[in-house]
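# A closer look at the structure
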Amino acid sequence: MRQRLTNLFFAIFGGIRDLLPIIFVIAFFQFFILQQPIPNMGQILLGTVLVTIGLSLFIRGLEMGLFPIGESMAYAFARKGNVWWLLAFAFALGFGTTVAEPALKAVADEAAKVAAEGQIIANTLSARDNYANGLRLTVALSVGLAIVVGVLRILKGWPIQILIIGGYLGVVVMTAFAPKEIIGIAYDSGGVTTSTITVPLVTALGVGLASSISGRNPMVDGFGLIALASLTPIIFVMGYGMLF
Amino acid sequence: MDLLDKIWTVFASTMTDVLPIAGIIFGFQWLVIRRPISNLRRVLLGFVYVVVGLALFLIGLEEALFPLGKLMAQQLTDPAFIHSHLDGAITALRWYDYKWVYIFAFAIGFATTLAEPSLIAVALKAHAVSGGAISVWGLRIAVGLGVAVGIALGTFRIVTGTPLHFYIMAGYVVVMIQTMLAPKLIIALAYDSGGVTTSTVTVPLVTALGLGLASTVEGRSPLLDGFGLIAFASLFPMISVMAYAQFVAWYERRVNKRSLKGD
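## Brief notes about the overall build of chain A
Looking only at helices and strands, chain A has 10 helices and zero strands in total. Secondary structure elements of chain A, listed N to C terminal, follow the sequence α-α-α-α-α-α-α-α-α-α. In terms of overall dimensions, chain A has C-alpha extents of about 55 × 55 × 30 Å along its principal axes. Burial status across chain A gives 55% buried among its 244 residues. Long-range pairs, those at least 24 residues apart, make up 77% of the contacts in chain A between residues at least 6 apart in sequence. By element, 68% of the accessible surface of chain A is carried by carbon and sulfur atoms, the whole surface being about 10,400 Å². Side chains of chain A give 14 positive and 11 negative charges; the mean places of these two sets differ by 11 Å.

## Quick notes on the interface of chain A and chain B
Residue-level contacts link 91 residues of chain A with 90 residues of chain B. Taken together, the two surfaces of chain A and chain B that pack against each other cover about 8,300 Å², and 80% of this comes from carbon and sulfur. Ranking the residues of chain A by area buried against chain B places Met64(A), Tyr168(A) and Met219(A) at the top, with a combined share of 9%. At the surface where chain A touches chain B, the tally comes to two salt bridges. A salt bridge links Glu71(A) to Lys125(B), with the shortest nitrogen-to-oxygen separation between them at 2.2 Å. With 27 residues, the single largest contributor to the side of chain A that touches chain B is helix H2 (residues 41–80) of chain A. In terms of residue class, the side of chain A that touches chain B is made up of 56 nonpolar, 22 polar and 13 charged.

## Things to note about a nonpolar patch on the surface
All names here are of chain B. A grouping of Phe 247, Val 248, Trp 250, Tyr 251 and Val 255 is seen on the molecular surface, where their side chains present a nonpolar patch of about 470 Å² in accessible area. With respect to the secondary-structure elements, Tyr 251 resides in helix H11 (residues 229–262). Taking the relative accessible area as the measure of exposure, Tyr 251 reaches 43% and is therefore partly exposed.

## Thoughts on the packing of helix H5 (residues 117–129) of chain B against helix H6 (residues 136–160) of chain B
Helix packing geometry: the angle between the two helix axes and the distance between the axes. All names here are of chain B. One way to put it is that H5 packs onto H6 with a least axis distance of 8 Å and a crossing angle of 135°. In terms of orientation, H5 and H6 fall into the oblique class. Where H5 crosses over H6, the handedness of that crossing is right-handed. Note on element contacts: H6 touches H5 through Val 136, Leu 139, Arg 140 and Val 143, opposite Leu 119, Ile 120, Ala 123, Leu 124, Ala 126 and His 127.

## Examining empty space enclosed by the protein
Residues and elements named next belong to chain A. Taken as a whole, this structure holds three cavities of 30 Å³ or more when the rule is applied. The space that makes up the largest cavity amounts to roughly 210 Å³. For the lining of the second largest cavity, the elements supplying multiple residues, two or more each, are helix H3 (83–99), helix H5 (125–156), helix H8 (198–212) and helix H10 (225–243). In terms of residue class, the lining of the second largest cavity is made up of six nonpolar, six polar and no charged.

## Remarks on helix H1 (residues 2–33) of chain B
All names here are of chain B. Helix length check: H1, at 32 residues, gives a terminal C-alpha distance of 45 Å against a target of 46 Å (1.5 Å per residue), a fit within 8%. The largest bend in H1 amounts to roughly 25° and is located at Val 18, with the proline Pro 20 lying one to four residues further along. One or two residues past the end of H1 sits Arg 34, with phi positive at roughly 55°.

## Considering the domain arrangement of chain B
Along its sequence, chain B is organised into domain 1 (1–63) and domain 2 (77–262). Computed from C-alpha atoms alone, the centre-to-centre distance between domain 1 of chain B and domain 2 of chain B is 30 Å.

## What about unusual backbone geometry?
In this model, Gln35(A) sits at a positive phi of 50°, which is unusual for a non-glycine residue. As for its position among the elements, Gln35(A) is in the loop between helix H1 (2–33) and H2. Its relative accessible area of 61% is what places Gln35(A) among the exposed residues. Look at Arg34(B): it is not a glycine, yet its phi comes out positive at around 55°. Tracing the sequence through the fold places Arg34(B) in the loop between H1 and helix H2 (40–77).

## Comments concerning the pattern of salt bridges
Counted under the stated rule, the structure contains three salt bridges over all chains. A salt bridge links Asp18(A) to Arg140(B); the shortest N-O distance between them is 2.7 Å. In this pair, Asp18(A) sits in helix H1 while Arg140(B) sits in helix H6, so the two residues belong to two different chains. A relative accessible area of 4% means that Asp18(A) is categorised as buried. By relative accessible area, which is 3% here, Arg140(B) ends up buried. Between Asp109(A) and Lys105(A) there is a salt bridge whose closest N-O contact spans 3.6 Å. A residue pair is termed a helical-turn pair when its members lie 3 or 4 positions apart in one helix, as Asp109(A) and Lys105(A) do in helix H4 (residues 102–117) at four residues. A residue is classified by how much of its surface remains accessible, and Asp109(A), at 34% relative accessible area, is partly exposed.

## Some details on the packing of H2(A) against H8(A)
Residue and element names in this part refer to chain A. Viewed as axis vectors pointing N to C, H2 and H8 meet at an angle of 40°, and their least axial separation amounts to 8 Å. When the axis of H2 is compared with that of H8, the two are oblique. You can see that H2 and H8 cross each other, and the crossing is right-handed. Contacts between H2 and H8 involve Leu 62, Leu 66, Phe 67, Ile 69, Gly 70, Glu 71, Ala 74, Tyr 75 and Ala 78 on the former and, on the latter, Pro 200, Leu 201, Ala 204, Leu 205, Gly 208, Leu 209, Ser 211 and Ser 212. The residue inventory of the contact of H2 with H8, partitioned by class, reads 12 nonpolar, four polar and one charged.

Analysis parameters
Residues numbered from 1 in each chain as written. Chains lettered and ligands numbered in written order. Predicted model: local features only at pLDDT ≥ 70, side-chain atom pairs only at ≥ 80, totals over all residues. Heavy atoms only, no water. Helix = DSSP H or I, 4+ residues; strand = E, 2+ residues; numbered from the N terminus. Buried < 20%, exposed > 50% of the residue type's maximum accessible area, 1.4 Å probe, protein only. Contact = heavy atoms within 4.5 Å. Areas by Shrake-Rupley, 256 points an atom, 1.4 Å probe, with all protein chains shown as cover. Lys, Arg positive; Asp, Glu negative; His and termini not counted. Charge placed at Lys NZ, Arg CZ, Asp CG, Glu CD. Buried area = accessible area lost by both parts, 1.4 Å probe. Salt bridge = Lys/Arg side-chain N within 4 Å of Asp/Glu carboxyl O. Nonpolar A, V, L, I, M, F, W, Y, C, P; charged D, E, K, R; others polar. Patch = residues over 30% accessible without salt bridge, like charges linked within 9 Å, V, L, I, M, F, W, Y side chains within 5 Å. Axes fitted to C-alpha atoms, helices over the stretch in contact; angles between N-to-C directions. Parallel < 35°, antiparallel > 145°, perpendicular 65-115°, else oblique. Left-handed = near helix turned anticlockwise from the far one by under 90°. 1 Å grid on protein atoms, 1.4 Å probe; cavity = no way out; pocket = protein on both sides within 12 Å on 5 of 7 lines; lining within 4 Å. Points joined across faces, edges and corners; volume = space filled by probe spheres on them. Expected span 1.5 Å × (residues − 1). Bend = angle between axes of the 7 residues up to and from the residue. Domains from an automatic or database assignment.

Spelled out as structure tokens, the structure:
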């Protein structure tokens, strides 16, 4: 019981410490630069308590659920020795987690608005919806492919920098040809695809694979899946902008 | 009632985030791997913790920090506020009249990144995998500084109206050069830190800042110029994480040289 209470205390203390910088920045600008009082003090305190509890629970859940399942699946696939199932799993994970991502939906709707305003598509509801849905599928497909390529890289031991720098060259070339309106959205779409739940899972999968295959170093080979998943959408979204 | 509505919406959206993932994991586990999950109850409880924790986290942010942060982003970019700090006749605003915007962008970028749950996850993993050589806080601070510089530079770009892709290309060149020079162990992790920085905490505040700026600075359109801050925030952490590793390697070499000379 006593142990539990100490754990709880440390978890909450950790949560507060993580949040303190934001509170400090906001308070500083509010009092000294904008010179205004803080409205709704009670609401802010309540919110801070919720954030603190939420963050502590999330981290506890990571260590109990997401990390172990990601790693144990990586070990199981490595033992099974069937590459195709592993790649199918990688694609499903990338595609499935991205296609339903709320942040991506927001960006796709925004992109449809830009396209309609730039008279790339007709400014009707159905044309915009079509465009946004197409874009979402494109991004989800590109993330699925990215995880597949990333898993293949871990299996084969390809150096990550060749893939990333090659991808950057792709981005540079595409930027020269893509319509100007889509560039900002394309660059941003790389950042929104990897959600808070996908990241720990994909990281655990990569590290688990790299540590269960002999000759791979989990530090050198285990990371890099997230990087690929944030790079391919940039290329695919620009491609989408060029085609439609 | 309003709060209950919000709680319901956030829980529903967190569930739609988790359900496909859970479906894929358990589907493959039962159909392909066909082995029982060890500690199934514990794993399931972990999933529940993740969903509930993330939902509470988001509700708390939306209750407390987002409204105030977004309001501040609007107020700081409001021309009326910027004029109030200038004395004498009002002429056209110059880029350095927005200094508080840049400082706010830097500070809020750094602070929100430290609280980013997915960065905490990657830092925990990197700490474990590296056998403690990479400290959780060292990585989080390095990434936070990268995001801070990136967002400050991104707001400067919106104010001056220079093309986004110039900055991104220049950043890519720096990343390529650093890739050749930095210790090999850090490279994959550095690339990953670009992607993890921008999720739940950072994106809403940064988007508010970008849209606020793009709609108040003369000659900018929110649609064309409001985007791009996220791209800055995902590019600069790669540079700062590799720089951090380069600094540590350089420092260790120096210390080693000293101790050799001392013998």
